[in-house]
Amino acid sequence: MTDPSRDVSPVDTIVARGLTKSFGAVRAVRELDLTLQRGTSVALLGPNGAGKTTTIDMLIGLTKPDAGTVSLFGRSPNEAVKAGLIGAMTQTGQLIDYLSVRELVTMMAAIYPAPLAVDEALSISGADAFADRQTRKLSGGETQRVRFAIALVANAELLVLDEPTAALDVEGRRDFWNAMRAFAARGKTVVFATHYLEEADAYADRIVLISHGRIAADGAPTEIKATVGGRIIRATLPDVESSNLQALRGVTAVDRKGDAITLNSNDSDATLRDLLNTFASVRDIEVRGAGLEEAFLELTLDSDGADS
Ligand SMILES: Nc1ncnc2c1ncn2[C@@H]1O[C@H](COP(=O)(O)OP(=O)(O)OP(=O)(O)O)[C@@H](O)[C@H]1O
Ligand SMILES: [Mg+2]
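Quick caveat, the model's predicted, so the values are computed rather than measured.

> Whenever I open this one, the packing of aromatic side chains confuses me. Can you help?
The geometry of an aromatic ring pair is captured by the separation of the ring centres together with the interplanar angle, meaning the angle of the planes. Under the counting rule described, the total for this entry stands at four aromatic pairs. Ring centres 4.9 Å apart and planes at 90 degrees place the aromatic pair phenylalanine 176 and tryptophan 177 in the edge-to-face group. Ring centres 4.5 Å apart and planes at 5 degrees place the aromatic pair tryptophan 177 and tyrosine 203 in the stacked group. Of this pair, tryptophan 177 sits in helix H6 (residues 170-185) while tyrosine 203 sits in helix H7 (residues 197-203); the two residues are 26 residues apart in sequence, bridging distant segments of the chain.

Have a look at this one:
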């Protein structure tokens, strides 16, 4: 642990500037800037094809950007990987065949300057339950746990995980996130890509929403929700024009299906007052906080036209 090549700066872990990558005509990532502080847990959240994997692969030096720079602990991605500072779980790539799980994790541990004990990586990841099985005989969820064990055994400062809980069942997910929390509590930094809005909301300190290769929003989960107003009001109200609902204070969006109306509001108190004062026949009123799901849809819809 006293290896000076592993000394890292206490502040910024990742600084990416102007990251850009195209595949033919597909502009996968466009001038993306990102600065991540040490000890935080950051979710890259976005739909299929948003550019999450391309971003992650550029961050860890697997893909060369067309333009832009990445610095990890003040080094290039390759230097940081070589110094054992990065543990990664990529979205693709098979496990090596004809080895047992334990043999594979032991082999990977040997690559790193200050690895975690193999048994510890196996037990944190839950792969200890099938440590003696051949890797080619594992289920999808078991394979995922082995990939996690390999990322953990690096004992890295930064863990980069591309959809780490894909293929895990409910219990597997819970175990995974508990392990991740323990890891982050030691002052380590975690970046993970996910489609799961609840997962980003529950486990990240910060959410970077990616849409069409760009950052559509960036902040604490609560800030992301506040960005789009935060409250949803549902009610039953016959024979009303959408434009009359849109005119109520605080309303940012209106949806009507028959008598059922749904309003997005950034000031639900004012909206409710206006609603009750204006429409005597309104009933069945229900107010709830807008979840990340709504925030996500609204924000990504906004940037749909950004393809040009
Ligand atoms: N090697 C490649 N060759 C051609 N196109 C690619 C390649 N890799 C990615 N793309 C394209 O770049 C865009 C971004 O892909 P990327 O894999 O980064 O998305 P993602 O956000 O990780 O999606 P998912 O949630 O499905 O994993 C997509 O349109 C994809 O088809
Ligand atoms: Mg991906």
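> Would you mind showing me how to read helix H4 (residues 118-125) here?
For an α-helix, the turn length of 3.6 residues means that residues three or four places apart are oriented alike. Along H4, the residues classified as buried are Val118, Ala121, Leu122 and Ser125. Projection of H4 onto a plane perpendicular to its axis shows the buried side chains occupying an angular sector of 100 degrees, all on one side.

> Any chance you could explain the environment of leucine 275 here in plain terms?
You can see leucine 275 is positioned in helix H10 (residues 268-278). Residues leucine 275 and alanine 235 lie 40 residues apart in sequence; the distance between their C-alpha atoms is 9.8 Å.

> I'm lost on the environment of valine 254 in this one. Help?
Here valine 254 is to be found in strand E11 (residues 251-257). With a relative accessible area of 23%, valine 254 lands in the partly exposed category. Taking the C-alpha atoms as reference points, valine 254 and serine 242, 12 residues apart in sequence, are found 6.6 Å from one another.

> Explanation requested: unusual backbone geometry in the structure shown.
One non-glycine residue, tyrosine 98, lies in positive phi territory at about 55 degrees. Position of tyrosine 98 among the secondary structure elements: in the loop between strand E5 (86-89) and helix H3 (101-109). For tyrosine 98, a relative accessible area of 56% puts it in the exposed group. Positive phi, normally seen in glycine, also occurs at histidine 212, with a value near 50 degrees. Tracing the backbone through its elements, the reader meets histidine 212 in the loop between strand E8 (206-211) and strand E9 (214-219).

> Teacher, can you tell me more about the pairing of E11 here?
Walk down a regular strand and you will see the side chains alternate between the two sheet faces. Looking at chain direction, E11 and strand E12 (residues 260-265) are connected through six bridges and run antiparallel. Looking across to E12, one finds that aspartate 255 is bridged to threonine 262. Adjacent in sequence and paired antiparallel, E11 and E12 are bridged by two residues, among which glycine 258 carries a positive phi angle near 60 degrees.

> I'm lost on the sheet that holds strand E4 (residues 67-72) in this one. Help?
To summarise the sheet geometry, strands pair through backbone hydrogen bonds and adopt either a parallel or an antiparallel arrangement. Taken in spatial order, the three strands of this open sheet run E2-E1-E4, and their pairing is antiparallel. Pairing within the sheet leaves two strands with one partner each, and these edge strands are strand E2 (26-37) and E4. This sheet shows a mean twist of 15 degrees between the axes of neighbouring strands, independent of strand direction. Here strand E1 (residues 12-23) pairs with E4 via five bridges, running antiparallel. The residue of E4 that forms the bridge with valine 15 is serine 71. This element, helix H1 (residues 52-59), spans E1, E2 and E4 of the sheet and lies at about 125 degrees to E1.

Conventions adopted
- Residues numbered from 1 in each chain as written.
- Chains lettered and ligands numbered in written order.
- Predicted model: local features only at pLDDT ≥ 70, side-chain atom pairs only at ≥ 80, totals over all residues.
- Heavy atoms only, no water.
- Phe/Tyr/Trp six-rings, centres within 6.5 Å; stacked < 30°, edge-to-face > 60°.
- Helix = DSSP H or I, 4+ residues; strand = E, 2+ residues; numbered from the N terminus.
- Buried < 20%, exposed > 50% of the residue type's maximum accessible area, 1.4 Å probe, protein only.
- Arc of directions from axis to C-beta.
- Pairing = 2+ DSSP bridges.
- Axes fitted to C-alpha atoms, helices over the stretch in contact; angles between N-to-C directions.
- Contact = heavy atoms within 4.5 Å.

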